[in-house]
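Here is what each chain is made of, one letter per residue.
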Amino acid sequence: MVTAEAARQALADLRDAGSGRSLLDLGWLANLRLQGDRALIDLVLPGFAASQRDAIVAGVRERLVGLEGIASVQFELRDAPASPAGPSATGPTLQAIPGVRTVIAVSSGKGGVGKSTVAVNLACALAAEGLRVGLLDADIYGPNAPLMLGVADRTPAVSGSGDGQRLEPIETCGLAMVSMGLLIGPDQPVIWRGPMLNGIIRQFLYQVEWGERDVLVVDLPPGTGDAQLSLAQAVPMAGVVIVTTPQQVALQDARRGLAMFRQMGIPILGVVENMSWFSPPDLPDRRYAIFGSDGGQTLAAEAGVPLLARIPIELPVQEGGDSGRPVTLARPDSAAAVAFRDAARALSPTTAGQAA
Ligand SMILES: Nc1ncnc2c1ncn2[C@@H]1O[C@H](COP(=O)(O)OP(=O)(O)OP(=O)(O)O)[C@@H](O)[C@H]1O
Ligand SMILES: [Mg+2]
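Residues numbered from 1 in each chain as written. Chains lettered and ligands numbered in written order. Predicted model: local features only at pLDDT ≥ 70, side-chain atom pairs only at ≥ 80, totals over all residues. Heavy atoms only, no water.

S.K.: Help me out: how do you make sense of the overall build of the protein chain in this one?
M.R.: Scanning the protein chain from N- to C-terminus turns up 14 helices and 13 strands. Its C-alpha atoms give the protein chain a radius of gyration of 22 Å, near enough to 21 Å, the size a compact globule of 356 residues would have. Looking at the protein chain alone, contacts between residues at least 24 apart form 74% of all its contacts between residues at least 6 apart. Carbon and sulfur atoms make up 51% of the accessible area of the protein chain, which totals about 15,300 Å². Here the protein chain holds 28 positive side-chain charges and 35 negative ones, and the gap between their average locations is 3 Å. (Helix = DSSP H or I, 4+ residues; strand = E, 2+ residues; numbered from the N terminus. Rg over C-alpha atoms; globule rule 2.2 N^0.38 Å. Contact = heavy atoms within 4.5 Å. Areas by Shrake-Rupley, 256 points an atom, 1.4 Å probe, with all protein chains shown as cover. Lys, Arg positive; Asp, Glu negative; His and termini not counted. Charge placed at Lys NZ, Arg CZ, Asp CG, Glu CD.)

S.K.: Would you explain the sheet that holds strand 3 (residues 72-79) in this entry?
M.R.: By way of backbone hydrogen bonds, the strands of a sheet pair with one another, either parallel or antiparallel. Pairing within the open sheet is mixed, and its three strands lie in the order 1-2-3. Every interior strand has two partners, whereas the edge strands, strand 1 (29-35) and strand 3, have only one. With strand direction ignored, the average angle separating the axes of adjacent strands in the sheet is 15°. Pairing analysis gives six bridges linking strand 1 to strand 2 (residues 38-45), with the strands arranged antiparallel. Bridging from a neighbouring strand, Arg 33 pairs with Leu 40 of strand 2. Packed onto the sheet, helix 3 (residues 53-64) meets strand 2 and strand 3 and runs at close to 150° relative to strand 3. (Pairing = 2+ DSSP bridges. Axes fitted to C-alpha atoms, helices over the stretch in contact; angles between N-to-C directions.)

S.K.: How do you make sense of the site of ligand 1 when you look at a structure like this?
M.R.: The environment of ligand 1 is formed by 18 residues, the closest being Gly 112, Lys 115, Ser 116, Thr 117 and Pro 312. Within the contact set of ligand 1, an oxygen atom lies 3.1 Å away from a backbone nitrogen or oxygen of Val 113. Contact between ligand 1 and Lys 115: an oxygen atom at 2.7 Å from a side-chain N or O atom of the residue. Here ligand 1 loses 80% of its free accessible area of 630 Å² to cover by the protein chains. For the shell around ligand 1, the secondary-structure elements that each account for two or more residues are helix 5 (115-128), strand 12 (268-278), strand 13 (307-313) and helix 11 (315-323). Looking at the shell around ligand 1, its residues break down into eight nonpolar, seven polar and three charged. (Near = heavy atom within 4 Å. Polar contact = N/O pair within 3.5 Å; in protein donor to acceptor, adjacent residues only side chain to side chain. Nonpolar A, V, L, I, M, F, W, Y, C, P; charged D, E, K, R; others polar.)

S.K.: How should the packing of aromatic side chains be read in this particular structure?
M.R.: Aromatic ring pairs: the centre-centre distance and the angle between the two ring planes describe each pair. Counting across every chain of the model gives zero aromatic pairs. If you follow Arg 287 out to its NZ or CZ, it ends over the ring of Trp 277, 3.6 Å from the centre. (Phe/Tyr/Trp six-rings, centres within 6.5 Å; stacked < 30°, edge-to-face > 60°. Lys NZ or Arg CZ within 6 Å of the ring centre and 35° of its normal.)

In structure tokens, the structure reads:
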């Protein structure tokens, strides 16, 4: 007859598809009892794991039925309450990064809306406020930060040896930056599965010599996938900045992204509306709403969070990205740079609030 502990251990290889972490470590298996030839299982799953529910139930059943003395499995399923500090939502073992006071992620459900542009310029604007800023490019498959910060040809140094090896961030534009783009060739594709992605994001958080940082800005890839989950389940975050463009399709995806972080109990710090309007250089007072109007305001109002900035479409923003000197530094007088500085200031209650 198998013991309850042995039955529990039989489930050790069941993992959250997002983070790759064991269900046992995540605390999702709240209870396991044996009663006669039945195993009684209490599962407590956070909202974002709802889509995995059937697979988890099947996985548990498959592993237990057939163990000596277990003929059937009975499940009690509960939803974990989402709360900002709730370990149930983000896993019981959030781990702060030594020396890093505040972590702010920049995200959106949609690709190409300017997340990386916002992350890089926000980081520069926060640094211009006198903060010590790190930038983690968590877009492992499509890293852009090295190009945007003019360091695509640099290779970070590695210190220490064996398990104690640590990566030194690249210092550029007043920031300390780490990106997958620094570790692979510019045209080399990255082909990894979810759990490996989780591993590299954790390495970028904990095996990088970040030093003393008031803020670490994390540039996330598009979507609501493994990178978002891995980050949220690893490190305590002050919150997320959601980037959207004004039109409905972008809004729809941004809403999805926002809802995902809410479900995980991560605060939404505000919305940045990018590509809000275009003013021709020869008619600077004219504003063309190429992608529609007020989407960012709508999203912010719906979510009850501030609209942190509206960034116009400007040639210097795109040039700044491609030339490796962000518009905030290259053209501090431009409307976009002013808007990025406003956004950084709007975030100062968060960055100052977390400071020691
Ligand atoms: N306000 C703007 N004015 C002009 N060009 C912009 C603006 N915002 C972003 N761009 C340009 O649009 C392109 C896409 O921006 P970016 O790479 O920041 O988007 P992203 O959301 O990070 O994309 P991905 O989803 O691929 O990560 C870049 O070439 C960038 O320079
Ligand atoms: Mg990007």
